[in-house]
Structure formats: C-alpha cells, structure tokens
Amino acid sequence: MEFIERVQRAKLPVLAGATVTGFAAQRVTQTVLDGFYARSGYPVPYYVGQLSFSAGKLSGWYTTMRDAGTLGVYWQTQFMDFAFIAATALFFTATLALIARAFPAGSRGRRVATAAVALGLFAPLCDAVENLLSFVMLPDPATVNPVVAVLYSTAAALKFAGFFAVYLWIPAALVAALISRRRSVVDA
C-alpha cells in the first residue's frame, strides 16, 4: 500500500510530532465528544447503544432524545466524532509507523510491524462508517431499519475490535522491537 510506504519514509521527527499531535488531539476531541454525549441525553452509555444490534432499542433511545428536544445535540455529537476519528487515525498511524521503524531494517519484525500500520486506519474507518449509518437512522428515529441497525452495530463492533488490537499491539510490538534491537546489537 503506497500510503503506508510513504508514512514509513517520513523522517523520525515528523512521525514523533504526528504521534504527539495525534494523541493530544485524540484526548481533546474525546473530552469534547463526551460533553456532547452528556448534553444530548443519550439514555445509555454510547458503547451500549452502538453495540445493541437492535432497531427497537436504537429507535427508543433516539425517540427519547427527540422527545426531550436534544436530538439536535446528538446530531452535533455525530459530526464532532469525525474530529475524533481524524485525530485517532493520525495518532494510530504515526505511532504504528514509529514502532515499525523501531525494528531493525530488513527484519521480519519490521515487515510485520509495517503491515500492522494498516490497523491504524481500520478502527477510524469503521467509526466513520458507523457515523454515516447513524445519519441514515436519525432522520426518522421512530422507524429505524433493522438491517441498518445491524450494519451500524457491526461497524461499531469492528471499530472497538480495531481499537483493542491497536492498544494491544503497541506495547507488545514495542517490547518485541526492543528485544530485536538488542539481539541485533549482540549478534553484530
């Protein structure tokens, strides 16, 4: 994938700066996003709603917000989520590229870690699909299509799986890179 190759060729200070910027932006946007969710009066924690796989439950929660006059705030929440998605994509991609570069050049570890950079885009992409599907459901909260509800929750489940994979991969790959570097120094 050309994009990953271009990211891998970036200078280390650029990748480090992108990692720090992405992390800070992710934290800020998450805080703002949490505030939007709270103001929207979404009746359950967002992950419960996103993983419900139920048109009836989603319809009930959306209708509750509509009746409370806060559905417009929830629409804003969905738009604000795109800032979080962009920040996450930057943070994950830059961090995973840095980790790949931590492995010795030409090593199997670097090849595997370079392939893992794609994980940095997977979870944000699934999050964007989830948001787009919510835009299909929100105009008429009383009649959520069951197929769209299942697709929405599937995208959310894949998003959460992607987040889990990245957050698990980061420390595991860092340890593996340090061991690999140490071995290459000892063997030299």
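Residues numbered from 1 in each chain as written. Predicted model: local features only at pLDDT ≥ 70, side-chain atom pairs only at ≥ 80, totals over all residues. Heavy atoms only, no water.

(A) A look at the overall build of the protein. Check the secondary structure of the protein and you find eight helices and zero strands. What you see in the protein, going N to C, is helices and strands ordered as α-α-α-α-α-α-α-α. Seen through its principal axes, the protein has C-alpha atoms that stretch 70 × 30 × 25 Å. Looking at the protein as a whole, 45% of its 188 residues are labelled buried. Within the protein, residue pairs in contact and separated by at least 24 positions form 81% of the contacts whose partners lie at least 6 positions apart. In the form shown here, the protein has an accessible surface area of approximately 9,500 Å², with 71% of it arising from carbon and sulfur atoms. Here the protein contributes 15 positively and 9 negatively charged side chains, and the mean placements of these two sets differ by 14 Å. (Helix = DSSP H or I, 4+ residues; strand = E, 2+ residues; numbered from the N terminus. Buried < 20%, exposed > 50% of the residue type's maximum accessible area, 1.4 Å probe, protein only. Contact = heavy atoms within 4.5 Å. Areas by Shrake-Rupley, 256 points an atom, 1.4 Å probe, with all protein chains shown as cover. Lys, Arg positive; Asp, Glu negative; His and termini not counted. Charge placed at Lys NZ, Arg CZ, Asp CG, Glu CD.)

(B) Main features of a nonpolar patch on the surface. A cluster of nonpolar side chains, Y47, V48, L51, F53 and V150, forms an exposed patch at the surface whose accessible area comes to about 400 Å². Position of V48 relative to the elements: it lies in helix α3 (residues 46–50). Judged by its relative accessible area of 34%, V48 is partly exposed. (Patch = residues over 30% accessible without salt bridge, like charges linked within 9 Å, V, L, I, M, F, W, Y side chains within 5 Å. Salt bridge = Lys/Arg side-chain N within 4 Å of Asp/Glu carboxyl O.)

(C) The arrangement of unusual backbone geometry in detail. Backbone geometry at F53 places phi at a positive 55 degrees, although glycine is not the residue there. Residue placement: F53 occurs in the loop between α3 and α4 (55–68).

(D) The arrangement of the pattern of salt bridges in detail. For the structure on display, the rule yields three salt bridges. Between D67 and R66 there is a salt bridge whose closest N-O contact spans 3.4 Å. Exposure remark for D67: the relative accessible area of 59% places this residue in the exposed category. In this structure, E130 engages K159 in a salt bridge whose closest nitrogen and oxygen atoms are separated by 3.0 Å. Of the two residues, E130 sits in helix α7 (residues 119–137) while K159 sits in helix α8 (residues 146–187), which places them 29 residues apart along the sequence. As far as the burial class goes, E130 and K159 line up, both buried. In the salt-bridge network here, residues are joined through shared partners; they are D127, E130 and K159.

(E) Focus on the side chain of Q78. Counting through the fold element by element, Q78 comes out in helix α5 (residues 71–102). According to the relative accessible area criterion, Q78 is buried, its value standing at 1%. Residues contacting Q78, with those up to four places away along its chain left out, are Y37, N131, S134, F135 and L138.

(F) Quick peek at helix α2 (residues 12–40). With 29 residues, α2 extends 41 Å between its outermost C-alpha atoms, agreeing within 8% with the 42 Å of an ideal straight helix rising 1.5 Å per residue. Looking at α2, one finds that the buried residues are L15, A18, T19, G22, Q26, T29, Q30, L33, F36, Y37 and S40. Of the residues flanking the end of α2, it is G41, one or two places downstream, whose phi is positive at about 70 degrees. (Expected span 1.5 Å × (residues − 1).)

(G) The arrangement of the environment of T70 in detail. If you trace the backbone, T70 turns up in the loop between α4 and α5. Look at T70 and you get buried, because its relative accessible area is 17%. With 52 residues separating them along the chain, T70 and F122 place their C-alpha atoms 31 Å apart. In this view, T70 contacts R39, S40, G41 and M65; residues no more than four positions away in its chain are not counted.

(H) The arrangement of the nonpolar core in detail. One finds Y42, L58, Y62, Y74, M137 and Y152 to be the most contacted residues of the largest nonpolar core, which totals 40 residues. Breaking this core down by element, the ones donating at least two residues are α1 (2–8), α2, α4, α5, α7 and α8. No other element matches α5, which puts 10 residues into this core. (Core = buried A, V, L, I, M, F, W, Y, C linked by side-chain atoms within 4.5 Å.)

(I) Structural context of the confidence of the model for the protein. Confidence in the prediction for the protein averages 94 pLDDT; 98% of positions are at 70 or higher. Mean pLDDT across the secondary structure elements of the protein bottoms out at α1, with 82, and peaks at α4, with 97. (pLDDT = per-residue confidence, 0-100.)

(J) Examining the packing of α5 against α7 more closely. The interhelical angle for the contact between α5 and α7, taken along N-to-C directions, is 170 degrees, at an axis separation of 8 Å. Relative to α7, α5 is oriented roughly antiparallel. Across from W75, Q78, F79, D81, F82, F84, I85, T88, A89, F92, T93 and L96 in α5, the residues of α7 making contact are L119, G120, L121, A123, P124, D127, A128, N131, L132, S134 and F135. Here the residues of the contact of α5 with α7 are counted per class, giving 15 nonpolar, six polar and two charged. (Axes fitted to C-alpha atoms, helices over the stretch in contact; angles between N-to-C directions. Parallel < 35°, antiparallel > 145°, perpendicular 65-115°, else oblique. Nonpolar A, V, L, I, M, F, W, Y, C, P; charged D, E, K, R; others polar.)

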